[in-house]
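# Examination of the molecular architecture
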Amino acid sequence: MAKHTLFVCKSCHRASQERPENPPFDDDIFLDKLNALCSEQFLDDEIEIRSIGCLWACDRGCVVSVGSVDKPTYLFVNLTPEESSLPLMEFLQLYLHSKKGNIP
Ligand code: FES
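The present account deals with the structure reproduced in this document.

Cut-off values and rules
- Residues numbered from 1 in each chain as written.
- Predicted model: local features only at pLDDT ≥ 70, side-chain atom pairs only at ≥ 80, totals over all residues.
- Heavy atoms only, no water.
- Helix = DSSP H or I, 4+ residues; strand = E, 2+ residues; numbered from the N terminus.
- Polar contact = N/O pair within 3.5 Å; in protein donor to acceptor, adjacent residues only side chain to side chain.
- Contact = heavy atoms within 4.5 Å.
- Phe/Tyr/Trp six-rings, centres within 6.5 Å; stacked < 30°, edge-to-face > 60°.
- Lys NZ or Arg CZ within 6 Å of the ring centre and 35° of its normal.
- Buried < 20%, exposed > 50% of the residue type's maximum accessible area, 1.4 Å probe, protein only.
- Pairing = 2+ DSSP bridges.
- Axes fitted to C-alpha atoms, helices over the stretch in contact; angles between N-to-C directions.

## Here we look at the side chain of Lys71
Assignment of secondary structure puts Lys71 in strand S4 (residues 71–76). Polar contacts involving the side chain of Lys71 include one to the main-chain carbonyl oxygen of Tyr95, which spans 2.7 Å. Looking at Lys71, its side chain comes within polar contact range of the main-chain oxygen of Ser98, at 2.7 Å. Once residues within four sequence positions are removed from consideration, Lys71 is found in contact with His4, Tyr95, Leu96, Ser98, Lys99, Lys100 and Gly101.

## Quick notes on the packing of aromatic side chains
Scanning all chains against the criterion turns up five aromatic pairs. Centre to centre, the rings of Tyr74 and Phe76 are 6.3 Å apart; their planes meet at 15 degrees, and the pair counts as stacked. Each residue in the set Tyr74, Phe76, Phe91 and Tyr95 is aromatic and connected to the rest through ring pairs, giving one cluster. Between the NZ or CZ atom of Lys71 and the centre of the ring of Tyr95, over which it lies, the distance is 5.1 Å.

## Concerning unusual backbone geometry
Trans is the common state for peptide bonds, and a negative phi is the common state for residues other than glycine. The omega torsion across Gly61 and Cys62 is 5 degrees, close enough to zero to call that bond cis. Looking at the secondary structure, you find Cys62 in the loop between strand S2 (47–52) and strand S3 (64–68). Its identity as a non-glycine residue notwithstanding, Trp56 has a phi of 65 degrees, on the positive side. Relative accessible area serves as the criterion here: at 78%, Trp56 is assigned to the exposed category. The residue Asn78 is not glycine, and still its phi comes out positive at about 55 degrees. With respect to the element layout, Asn78 can be found in the loop between S4 and helix H2 (81–97). Note on Asn78: relative accessible area 47%, which makes it partly exposed.

## Focus on the sheet that holds S2
The strand order across the open sheet formed by four strands is S2-S1-S3-S4, and the pairing between neighbours is mixed. Both edges of this open sheet fall to S2 and S4, since each of them pairs with a single strand only. Here the average twist between neighbouring strands, direction ignored, is 15 degrees. Alignment of S3 against S4, held across four bridges, turns out to be antiparallel. What sits directly across from Ser65, in S4, is Leu75. Against the sheet, helix H1 (residues 26–41) touches strand S1 (4–9), S2 and S3, its axis set at about 170 degrees to S2. Lying on the sheet, H2 is in contact with S1, S2, S3 and S4; it crosses S4 at an angle near 175 degrees.

See below:
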């Protein structure tokens, strides 16, 4: 199975709040949660999680992107670590097991 990548913006904080001066930041919490869930639900070689500087949707954080060499790349915005982690895992399951990556 081709490698899939989940890019997580490491600079996001939800647009509705000021970014706090001290950690933990939303992006750190989100990244930790996604790492834990992915290690539970996927094999090591199925998905790579990469923390990335910015996904260019800064006023709509938290932002992640999912891509693979032979499939379309998806951008997800307005996410929260609490509410978006499990639905994102469901999407990843569909995406990984889809031949062309077209998820309705
Ligand atoms: S700061 Fe997260 S998309 Fe730019």
